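Structural description and commentary
Below, each chain spelled out in residue letters.
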Amino acid sequence: MSTSAYSIVERGSPYSLDYRVFLRGPNGFISPFHDIPLYADKEQRIFNMVVEIPRWTNAKMEINKEERLNPIKQDVKKEKPRYVDNCFPHHGYIWNYGALPQTWEDPNHIDSNTQAKGDNDPIDVCEIGFKVHAQGSVVQVKVLGCFALIDEGETDWKILAIDVTDPLAKQLNDLSDIEQHLPGFLHASREWFKVYKIPQGKPANQFAFNGEPKNRDFALNIIDETHRYWTALMSQQGQAADISTHNTTVTGSATKIEQEDAQAIVDQAPPLGPAQPIPVEVDRWHYIRL
């Protein structure tokens, strides 16, 4: 399916607690977690990525696992919308950041590579092309590698990928190509993940494999594994009481709903309102010494 078949419907006021971004497919509302196919082209190993956070922005947006239809919403910390800090020289997110649909990092599984359980989320993606993609857009990407972040004791894979339409896409086919064509990018990405929580008083994040990224084949195996966990979740073999599996297209799903019900979910959200002011402290630079 063409990525142009997807669109967004906004509800609530941006940068507020009630803001939600719902996704629509060609036949109506969908869950970005469950209804968008993992593969755009399985034979060529091209994946669909849901963009949660456009590059250079600070608002910590994510697919909401708990709410029906899993809209994108801003994470909340201390009852306020959450933003990531600018850890010099990085401003906001340094990639288009999002998730692969139909994947799940199972918190009941101890990963043999990291010896840590999954973080209960769809697998994260850092898209490294030159375009700044809009929030809620669905982008076809080619996987290049991954980092194994250990975030507060949980496995949190970070897939590195590039938009297949990017001018560099034909030259970037594996991890080693990133360093060749984008020197310093892997170092910057590792540093970003290591330090981004330090301004909030938390320790530096840790990595498996001594912080070294893994190649394309390794990353593809991790994606396949998390897709199997998602499949088990949807067949009710997985255990996740806090995840809404409601969907509108998954064949055989016990939680599949009709478009009439999906429309009612969206209608319950407040109408789109004016964006709330972004706190001035979000623009502050933080200088980190490790």
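Because the structure is a prediction, the values reported are computed rather than measured. (Residues numbered from 1 in each chain as written. Predicted model: local features only at pLDDT ≥ 70, side-chain atom pairs only at ≥ 80, totals over all residues. Heavy atoms only, no water.)

In terms of regular secondary structure, the chain is built from 4 helices and 17 strands. Whereas a compact globule of 290 residues would reach a radius of gyration of roughly 19 Å, the chain reaches 18 Å, a difference of no more than 12%. Projected onto the principal axes, the alpha-carbon positions of the chain cover approximately 50 × 45 × 40 Å. Burial analysis of the chain (290 residues in total) assigns 54% to the buried set. Counted over contacts in the chain with a minimum sequence separation of 6, partners at least 24 positions apart contribute 69%. Accessible area for the chain stands at about 13,400 Å²; split by element, carbon and sulfur atoms hold 49% of it. (Helix = DSSP H or I, 4+ residues; strand = E, 2+ residues; numbered from the N terminus. Rg over C-alpha atoms; globule rule 2.2 N^0.38 Å. Buried < 20%, exposed > 50% of the residue type's maximum accessible area, 1.4 Å probe, protein only. Contact = heavy atoms within 4.5 Å. Areas by Shrake-Rupley, 256 points an atom, 1.4 Å probe, with all protein chains shown as cover.)

Turning our attention to the environment of L149. Here L149 shows up in strand β14 (residues 138-151). If we skip the residues at most four places from it in the chain, L149 touches E154, T155, D156, K158, F193, N205, Q206 and F207.

Glancing now at the nonpolar core. Counting residues in hydrophobic clusters, the biggest one holds 49 residues, and the most contacted among them are L23, W95, W104, I128, I178, W192 and F193. Counting residues per element, this core draws most heavily on helix α2 (residues 185-195), at 5 residues. Core analysis: the second largest hydrophobic core is formed by 22 residues, V51, A148, A208 and F218 among them. (Core = buried A, V, L, I, M, F, W, Y, C linked by side-chain atoms within 4.5 Å.)

With that settled, consider the packing of aromatic side chains. Evaluation of the coordinates by the stated rule reveals 15 aromatic pairs. Relative to W285, the ring of F88 lies with its centre 5.2 Å away and its plane at 80 degrees, an arrangement referred to as edge-to-face. Here W285 lies in strand β17 (residues 285-286) and F88 lies in the loop between β10 (86-87) and β11 (96-99), a separation of 197 residues in the sequence. Of the residues examined, F88 reaches a relative accessible area of 45% and is grouped as partly exposed. (Phe/Tyr/Trp six-rings, centres within 6.5 Å; stacked < 30°, edge-to-face > 60°.)

Our next topic: helix α4 (residues 259-268). Turning to α4, its buried residues number three or more, namely A262, I265 and V266. Buried residues of α4, seen end-on, are gathered within an arc of 95 degrees and therefore sit on one face of the element. Those residues of α4 that are exposed and aimed more than 90 degrees away from the buried face are E260 and Q268. If you follow the buried residues of α4, they end up packed against β1 (7-11), β2 (20-25) and β3 (28-30). (Arc of directions from axis to C-beta.)

Looking now at the side chain of K60. The residue K60 is located in the loop between β5 (46-53) and β6 (61-63) in this model. K60 has contacts with I53, K73, Q74, D75, R82, Y83, V84 and Y93, leaving out every residue within four places of it along the chain.

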